[in-house]
Amino acid sequence: MEQFERKGKLGLYNHNYEAYQKIVERFKTDNIAAIIQAVGTGKSYIAAELIYDYKESQSLYIVPT
């Protein structure tokens, strides 16, 4: 079984950590971002990492159902 390196406080997969870093970079100039990835790729984990890291701020997490 192939091993994947996990990153971030919550242990994101590489593709999610890359998206997370792009959102953090975006937050330096704007206060809104969107996570657009395929179903089952871990968008909620990215959101959880962001909420954890920005716990001093208010967050609104919207998902289509």
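Predicted model only: the values in this text are computed from it and were never measured.

Caption draft 1: Fine view of the side chain of Glu49. In this structure, Glu49 sits in helix H2 (residues 43–53). Of the side chains with opposite charge, Lys9 comes closest to the buried, unpaired Glu49, at an N-O distance of 4.7 Å. In this structure the side chain of Glu49 is engaged in a polar contact, spanning 2.9 Å, whose partner is the backbone nitrogen of Lys9. What Glu49 contacts, discounting residues up to four positions off in sequence, is Gly8, Lys9, Leu10, Gly11, Leu12 and Tyr20.

Caption draft 2: Spotlight on helix H1 (residues 14–27). An ideal rise of 1.5 Å per residue puts 20 Å on 14 residues; H1 measures up with 20 Å between its terminal C-alpha atoms. Among the residues making up H1, those that are buried are Asn16, Ala19, Tyr20, Ile23 and Val24. Seen from one end, H1 has its buried residues packed into an arc of 140°, which puts them on one side. Buried residues in H1 make contact with H2.

Caption draft 3: Structural detail: the packing of aromatic side chains. Using the criterion set out here, one finds two aromatic pairs in the structure. Here Tyr17 and Tyr20 contribute two aromatic rings whose centre-to-centre distance is 5.7 Å and whose plane-to-plane angle is 25°, an arrangement assigned as stacked. Of this pair, Tyr17 and Tyr20 both sit in helix H1, three residues apart, which is roughly one turn of the helix. Accessibility expressed as a relative area gives 10% for Tyr20, which makes it buried.

What counts and what doesn't
Residues numbered from 1 in each chain as written. Predicted model: local features only at pLDDT ≥ 70, side-chain atom pairs only at ≥ 80, totals over all residues. Heavy atoms only, no water. Helix = DSSP H or I, 4+ residues; strand = E, 2+ residues; numbered from the N terminus. Buried < 20%, exposed > 50% of the residue type's maximum accessible area, 1.4 Å probe, protein only. Lys, Arg positive; Asp, Glu negative; His and termini not counted. Salt bridge = Lys/Arg side-chain N within 4 Å of Asp/Glu carboxyl O. Polar contact = N/O pair within 3.5 Å; in protein donor to acceptor, adjacent residues only side chain to side chain. Contact = heavy atoms within 4.5 Å. Expected span 1.5 Å × (residues − 1). Arc of directions from axis to C-beta. Phe/Tyr/Trp six-rings, centres within 6.5 Å; stacked < 30°, edge-to-face > 60°.

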